[in-house]
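The residues making up each chain are set out below.
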Amino acid sequence: MVEKGSGKLADSLVFNIDRFVSNLDKIGFVDSNFDLTFFQVGIDVNSKQIVRRKAAPRYIEFYLKQKNNTSIDFDKNYLLLMTKGNAPFYNQDFSTGHAGINLSSYMELGITYSRPLLENLTAGLRLKALFGHFNFNTKKFAFGLTGQHHDNVLDISADVHLRMSGSIDVTLNPDGFVEGLSFDPLSNLFNIKNPGIAFDLGVVYEFLPNLRFGASINDVGKIWWTNETKQLAVNTSYQFEPFDFSQLIENENNDSLEMWLNDTTDSLKDTFGLTKTYASYSERLPFSFNTSLQYEINSFFDLGLLFTHRVAQNFQYSNLILSANLGIYDFFSLSPVLGLQSGGYFIGCSTSFRIDSLQFALAINDVQGLVNPAKIKGLGGSFGMSYIFPLKRRK
């Protein structure tokens, strides 16, 4: 959609809507995630015995983080209707398809436990308690248009179902139309009245001392939204009959236009008014499945291959990522990555460095988009800081 301009706009970025629509898949989507870790504590159990090969290594971790998920998906027909109008689809059944919006914010408290099951097989399980803050989603959001030439009318249908919980509220007027919208995200930061559960499960198998295979499934679970819930819905159809302007030509004092406007307005109010209820609902989390292969060339350098498949509420997508990982002892690492996805590729990079017990990590998943926004594929990044507590074992 964004490209470098030409001519007088050669030094600018311009929006090319027609190019964007023509290159768009049947379903377009935007998927964004923001995590903030408040604390994370990992304990390596029996590390001294592990070195001596007398006991299997075990790892336990506790953490608390804030998670915010935003996903938007839309049928290509929505953009066709906005850019070309309904003329190309007149006298035929036209449906916009579904348009989905899902905004969720919740707290995640988790515990992780991993240990070897066999000599070359290690498994890990993470259990999560979830506390929903707020949610807004469109369970249904679709419209239909059918023009009938012989009767000169337009049939309009609507199937809309909106659900929300927390500090989001929509005020309706007596006719069922939206009158006001309020949103206070800070008021529900410590809300624990929307419970949820989830889990991650992963395994690592060591084929050779320098070749490992991993597989995991993440965020399998749901949240029950029960606090301050609101649902808005309408499922109806309406036949629009245009005004016959020949009546005004024949009689200038004809008040038929005013009558038609009043009748049409009243009919629209009666037909498309929303109904508001306060029922609870549940929403599953977007989950992902990952597989990886790591080949260690030496103690400083290894190659990695990662396949990820993410399943959201109304869409899913996959990435294949190749990485080269350079580590210099325990204080510095650098990992350039090449990712392949539907419609192209992206280049990213991650790095980490350690100063005594303090460790920093930085990752950017689209270096090209950061340097040149006209080539953006899906810019994202992360930054983390951790402190390692050196605990001495009693003799």
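This structure is a prediction, so every number in the text was calculated from the model and none was measured.

Attention now moves to the overall build of the protein. When helices and strands are tallied, the protein shows six helices and 22 strands. Buried positions account for 32% of the 395 residues belonging to the protein. For the protein, contacts bridging at least 24 residues in sequence account for 60% of all contacts bridging at least 6. Carbon and sulfur atoms provide 60% of the accessible area of the protein, an area that totals close to 24400 Å².

Further remarks concern the side chain of Asn227. Take Asn227: it is sitting in the loop between strand E12 (211-225) and strand E13 (229-240). On the basis of relative accessibility, which here comes to 14%, the residue Asn227 falls in the buried class.

Across ten bridges, the pairing between strand E16 (residues 287-296) and strand E17 (residues 301-311) is antiparallel. Looking at the pairing, Tyr295 lines up with Leu303 of E17. Hairpin connection, E16 to E17: the antiparallel pair is bridged by four residues. Looking at chain direction, E17 and strand E18 (residues 316-328) are connected through eleven bridges and run antiparallel. Residue Asp302 lies in a different strand from E18, and its bridge partner there is Asn325. The hairpin turn running from E17 into E18, its antiparallel successor, is four residues long.

Moving on to the nonpolar core. Ranked by size, the top nonpolar core spans eleven residues in total: Phe134, Phe136, Val160, Leu162, Met164, Ile168, Val170, Leu172, Leu232, Val234 and Leu274. The set of elements that each furnish at least two residues to this core consists of strand E7 (121-148), strand E8 (153-165), strand E9 (168-172) and E13. Judged by nonpolar contacts, the second largest core, of seven residues, contains Leu130, Trp225, Tyr281 and Leu285.

Attention shifts here to the packing of aromatic side chains. The full count for this structure, using the stated rule, is seven aromatic pairs. Look at Phe29 and Tyr317: their rings are 5.1 Å apart centre to centre, the planes differ by 20°, and that puts the pair in the stacked class. Taken together, the residues Phe29 in strand E3 (residues 27-45) and Tyr317 in strand E18 connect sequence positions 288 residues apart. Residue Phe29 is classed as partly exposed on the basis of its relative accessible area, which comes to 34%.

Okay, unusual backbone geometry next. In this structure, Asp219 is a non-glycine residue whose phi angle is positive, near 65°. Tracing the backbone shows Asp219 in strand E12. Residue classification places Asp219 among the buried residues on the basis of a relative accessible area of 12%.

Summed over all chains, the structure comprises twelve salt bridges. With a closest N to O distance of 3.4 Å, Asp200 and Arg126 form a salt bridge. On the criterion of sequence distance, the pair formed by Asp200 in strand E11 (residues 195-208) and Arg126 in strand E7 is long-range, its members being 74 residues apart. On the basis of relative accessible area, Asp200 is assigned to the buried category, the value being 8%. By relative accessible area, Arg126 is classed as partly exposed at 26%.

In this section: the confidence of the model for the protein. In the predicted model, the protein carries a mean pLDDT of 81, and the fraction of residues at 70 or more is 78%. Predicted confidence in the protein is weakest over helix H2 (residues 47-51), with a mean pLDDT of 49, and strongest over E12, with 96.

Side-chain direction in a regular strand flips from residue to residue, so the side chains alternate between the two faces of the sheet. Relative to strand E20 (residues 344-355), strand E19 (residues 332-341) is paired through ten bridges, and the arrangement is antiparallel. Paired with Gly339 across the strands is Phe346, a residue of E20. The turn joining E20 and strand E21 (residues 358-364), which pair antiparallel and follow one another in sequence, is formed by two residues; a positive phi near 55° is taken by Asp356.

What follows is about helix H3 (residues 76-84). Among the residues making up H3, those that are buried are Lys76, Asn77, Tyr78, Leu79 and Leu80. Near the N-terminus of H3, the side chain that reaches the backbone nitrogen of Asn77, with its oxygen 2.9 Å away, is that of Asp75. Two residues or fewer after H3 comes Gly85, characterised by a positive phi angle close to 75°.

Further remarks concern the environment of Ile111. Within the secondary structure, Ile111 is located in strand E6 (residues 99-116). Judged by relative accessible area, which is 37%, Ile111 ranks as partly exposed. Between the C-alpha atom of Ile111 and that of Gly42, which follows or precedes it by 69 residues, the distance is 9.6 Å. Those residues within four positions of Ile111 in sequence are excluded, and the remaining contacts are Glu61, Phe62, Tyr63, Leu125, Arg126 and Leu127.

To continue, consider the side chain of Thr96. Tracing the chain through its elements places Thr96 in the loop between strand E5 (93-95) and E6. There is a polar contact of 3.3 Å between the side chain of Thr96 and the side chain of Tyr78. Contacts of Thr96, omitting those with residues within four sequence positions, involve Asp75, Asn77, Tyr78, Leu81, Ala142 and Phe143.

One can find Asn69 in strand E4 (residues 58-75). By relative accessible area, Asn69 is classed as buried at 10%. Linking Asn69 and Asn102, residues 33 residues apart in sequence, is a C-alpha distance of 7.7 Å.

Definitions and cut-offs
Residues numbered from 1 in each chain as written. Predicted model: local features only at pLDDT ≥ 70, side-chain atom pairs only at ≥ 80, totals over all residues. Heavy atoms only, no water. Helix = DSSP H or I, 4+ residues; strand = E, 2+ residues; numbered from the N terminus. Buried < 20%, exposed > 50% of the residue type's maximum accessible area, 1.4 Å probe, protein only. Contact = heavy atoms within 4.5 Å. Areas by Shrake-Rupley, 256 points an atom, 1.4 Å probe, with all protein chains shown as cover. Pairing = 2+ DSSP bridges. Core = buried A, V, L, I, M, F, W, Y, C linked by side-chain atoms within 4.5 Å. Phe/Tyr/Trp six-rings, centres within 6.5 Å; stacked < 30°, edge-to-face > 60°. Salt bridge = Lys/Arg side-chain N within 4 Å of Asp/Glu carboxyl O. pLDDT = per-residue confidence, 0-100. Polar contact = N/O pair within 3.5 Å; in protein donor to acceptor, adjacent residues only side chain to side chain.

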